[in-house]
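# Coordinate inspection notes
Residues per chain are reported as follows:
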Amino acid sequence: MSELDELARRRGFFFQANEAYGGVSGFYTYGPEGAALKRNVEETWRDRFVTREGNMEIDAPTVTPEAVFEASGHLDDFDDMLVECPECGVSHRADHVVEDNTDVEDAESVPTEEVEALIAEHDLVCPDCGASLVGQPVEGFNLMFETSIGPGSGQPGYLRPETAQGMFTEFPRLKEYARNQLPFGVAQVGTGYRNEISPRNALLRAREFTMAELEFFVDPEGEGPDLSRVADVELPLYPVAAQQAEGEEYLDLTPQEALDEGVVQGEWVAYFLARSKQWFDRVGVDMERFRFRQHLPGELAHYASDCWDAEGEVGGDWVELEGIASRTDYDLSKHAEHADDNFTVFQQYDEPKTVERATVDPDMSALGPQFGGDAGAVADALEALAERDRSAFEGEEVTVEVDGEAYTVPTEQTGFAVEEQTESGRHIVPHVVEPAFGVGRAVYTVLAHNYDEDEVEGEDRSVLRLPAEVAPTTVGVFPLMDKDGLGETARDLAADLREAGVAVTYDDSGNIGRRYRRQDEVGTPYCVTVDYESLEDGTVTLRDRDSTEQTRVELAELPALLPALRDGEVTFDEL
C-alpha cells in the first residue's frame, strides 16, 4: 500500500488537499490521472444503474435545511463513538481503537458501554501519546457538518452526509415524472460530507467524498424483478449466521438460490446484489478479494430493516464499498409526517373493487369537553386505530395513545362502523431499496487491486492493470524520434484520435522503453509508436500494456479501432 500511495502522489492520482497550508486530514484533491479515473468509474456506474436500468437521475443541493434531518432521524442517530485522550486531548474513534488493538472485528456494532468495557479490559491507550484511555467516557458524536443558511444566525442547515434525502424530499414531484408507475428509480452522483473523528487510509475514510446512490421505489405487494437476467451471477455471501459463528465461510449462491434458502430477504435486494457484483467486476475489483457481508443486528442503520455491504480486501482489511439497504417505507413515511406534501402513490386497480372499510365519526361534542385541546389528536388516533385493528372497537370502551398518554373513549362516542366502499385504486407509501456506493473507495480499491510489479526485458516495472474502459488514458502516442516528419505524423494522429473521443497522451521525451514504463505506471492500456516504416506503408506499432506484445496496424484504422478495444468490442489477441 505504501508503494501505491507514493505512486498516487507522484503521478497525479490523488494527494492531500491544501498542502501549501499544512493540509487538513480527510480532504483530498484528485490530480489529472485520478480525476479522469474517477470520472470514468462514475460514467460506468451511470451506464449500469441509470441507463441500462431505465432510471432517472437528479442533482440536488449539498446544503440541506435542518428540518429535513429532523424528519429523517439524522440529528439523533447519525453518530460515531468518540473517546478523548485525557493527556493530549486528541479524539479517536473508540470502535477503531478497539478493533486495532484487540481481536474484536466489528466494534461499531457494539453498544458504547460495552466499548468502554473493552477499553478497560484490554487496558487500551491513546494511539497518539500512549496515555491510558481506561475510564474515559465513550460518547456519540454527530458526523454532520453544521452551517447557517443566510446572513447572521440565518436558518440552520447541514452539509448532506448522503445524497439520499434529496431524492426523498423531492419524491412528490419525481413520482409525477414517473407517471405514478411503480417501480421506478432515482439516482444521484454527488458530494457528501461527514465530520469523521479520525480520518485515515487515504480515500477510504475522508471527510468530503463522492457517493453514487440509487433510491429504487417499489410497491411492497407488487411484482419483483426478472431474476432470469442475473440467473448466472454467483454471489459471495457472508450472512449474519456465518459471522456469529466466527467463520469465514461464504455461501456462493445465485440470486434465486439466495432467496429460496432464506439467506437474502427481498427479490429487489437480491437483484441489486447481482448487478453490483457485475459492476465491480467491470471496473476492475478483484473478485477473489470481494464479498457481500450482511449487517449484524447492532450495526443496522436506523432506517434499515436489512443491509448487505459489498466489501473489498485492501491492505489486509475488508473495506465497505457499497451498502444495499432495504429502507422499507421509513423515509417517505417520516417526511410525510413532517412535510406539507403527499408522499404516496395512487395505484389504479384493473377493475374497481368493493371492500369493507372501518370508519369512525367521533362525537366531538363529547370529546371536546372531555379532552380539551387534545380532542382532535384523539379523533385522529381513533381513525388510525380503526384502520389498523377494528377488533379494538368490540368492547364498550376504546383506548388510544397520544404522545405517550392513554385516552379512553366510550365506543358509542367513536361513531365506529364498517361500510362497503367501491374503490378504483389505493394510495400506498412505496418501499425503498437503496444501493449506495462510495466512489472514492471504489477508485482506491480498483487502484489497489490492479497495482502490480513485474519485470520486462530485465527491468523492473510498476504497472496498473486497469480495465481499458476506466483507465485515465486509452493510448499513448509516441514518435520514434521527433525528426524526419515522425513527430508531425504522431501529433496529427494524436489530434485525430482526440477528435474521435479517445483519451490520448502524446510523449516524445526519452527512449521508447521509458515512455512505455511511464504509461504502464498510470494504467494506459495501449501505446502507438510512429516509426520510419509508418512513413513508408502507413502502419504503426500498437503495444498492449499487460502482455507487452506488439503488432502492426493501419494508422488510418486507429480512430475506429481504439474505441472498439477500449469498449471491449475487439480484443488485442484478435488483432
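Before any of the text, the structure's been laid out above.
Quick summary incoming for the structure in this document. Predicted model only: the values in this text are computed from it and were never measured.

## As for the sheet that holds strand β4 (residues 63–65)
The three strands are arranged β4-β9-β8 in an open sheet whose pairing can be described as antiparallel. A single partner strand is all that each edge strand has here, and the edge strands are β4 and β8 (146–149). Between one strand axis and the next, the sheet turns by 45 degrees as a mean value, whatever way the strands run. Across four bridges, β8 lies against strand β9 (residues 155–159) in antiparallel orientation. The residue bridging Thr147 from the neighbouring strand is Gly157, located in β9.

## Some points on the packing of aromatic side chains
We describe a pair of aromatic rings using the distance from one ring centre to the other and the angle between the two ring planes. Evaluation of the coordinates by the stated rule reveals 24 aromatic pairs. Arranged with centres 4.5 Å apart and planes meeting at 50 degrees, the rings of Phe216 and Trp268 form a pair that is tilted. Separated by 52 residues along the polypeptide, Phe216 in strand β11 (residues 208–218) and Trp268 in helix α11 (residues 267–283) bring together distant segments of the chain. When sorted by exposure, Phe216 lands in the same class as Trp268, which is buried. Aromatic pair Trp268 and Tyr271: ring centres 5.8 Å apart, planes at 85 degrees, arrangement edge-to-face. You can see Trp268 and its partner Tyr271 sitting in helix α11, three residues apart, about one turn around the helix. Residue classification places Trp268 among the buried residues on the basis of a relative accessible area of 15%. Classification of Tyr271 as buried rests on a relative accessible area of 1%. Positioned above the aromatic ring of Tyr516 is the side chain of Arg543, whose terminal nitrogen or guanidinium carbon lies 4.3 Å from the ring centre.

## Some points on unusual backbone geometry
Omega for the bond connecting Leu182 with Pro183 falls within 30 degrees of zero, at 0 degrees, which places this linkage in the cis form. Of note, Pro183 is situated in the loop between α8 (171–177) and β10 (184–193). Unlike most non-glycine residues, Glu457 shows phi in positive territory, near 50 degrees. Considering the arrangement of structural elements, one finds Glu457 in the loop between β22 (451–456) and β23 (459–464). Judged by relative accessible area, Glu457 falls into the exposed class, the value being 78%. Despite not being glycine, Asp484 has its phi angle at roughly 60 degrees, a positive value. Mapping Asp484 onto the fold places it in the loop between β24 (475–479) and α16 (486–499).

## Notes on the environment of Thr529
Among the secondary structure elements, Thr529 is positioned in strand β26 (residues 526–530). Relative accessible area serves as the criterion here: at 5%, Thr529 is assigned to the buried category. With 418 residues separating them in the primary sequence, Thr529 and Pro111 have C-alpha atoms 61 Å apart. With sequence-adjacent residues up to four places away left out, Thr529 is seen in contact with Phe478, Leu480, Ile512, Tyr516, Ser534, Val540 and Thr541. Of the polar contacts made by the side chain of Thr529, one reaches the side chain of Tyr516; its length is 3.2 Å.

## Side note on α16
For α16, spanning 14 residues, the distance from its first C-alpha to its last is 20 Å, which sits close to the expected 20 Å at 1.5 Å a residue. Taken together, the buried positions of α16 are Leu486, Gly487, Ala490, Leu493, Ala494 and Leu497. The buried residues of α16 occupy one face: seen down the axis, they fall within an arc of 125 degrees. Just downstream of α16 lies Gly501, where phi reads positive at about 85 degrees.

## Things to note about the nonpolar core
Among the nonpolar cores identified, the biggest contains 62 residues, and Trp45, Leu237, Val264, Phe272, Leu273, Trp279 and Phe292 are the most heavily contacted of them. Considering each element in turn, this core owes the most residues, ten residues, to α11. In contact with Trp45, other than residues within four places in its own chain, are Val50, Ala187, Val189, Ala212, Glu213, Leu214, Trp279 and Phe437. Ala490, Leu493, Leu542 and Leu558 belong to the second-largest nonpolar core, a separate cluster that totals 23 residues.

## A look at the side chain of Gln519
Looking at the element boundaries, Gln519 is found in helix α17 (residues 512–521). Apart from residues lying up to four places away in sequence, Gln519 is in contact with Phe478, Thr505, Thr524 and Cys527.

Calculation notes
Residues numbered from 1 in each chain as written. Predicted model: local features only at pLDDT ≥ 70, side-chain atom pairs only at ≥ 80, totals over all residues. Heavy atoms only, no water. Pairing = 2+ DSSP bridges. Helix = DSSP H or I, 4+ residues; strand = E, 2+ residues; numbered from the N terminus. Axes fitted to C-alpha atoms, helices over the stretch in contact; angles between N-to-C directions. Phe/Tyr/Trp six-rings, centres within 6.5 Å; stacked < 30°, edge-to-face > 60°. Buried < 20%, exposed > 50% of the residue type's maximum accessible area, 1.4 Å probe, protein only. Lys NZ or Arg CZ within 6 Å of the ring centre and 35° of its normal. Contact = heavy atoms within 4.5 Å. Polar contact = N/O pair within 3.5 Å; in protein donor to acceptor, adjacent residues only side chain to side chain. Expected span 1.5 Å × (residues − 1). Arc of directions from axis to C-beta. Core = buried A, V, L, I, M, F, W, Y, C linked by side-chain atoms within 4.5 Å.

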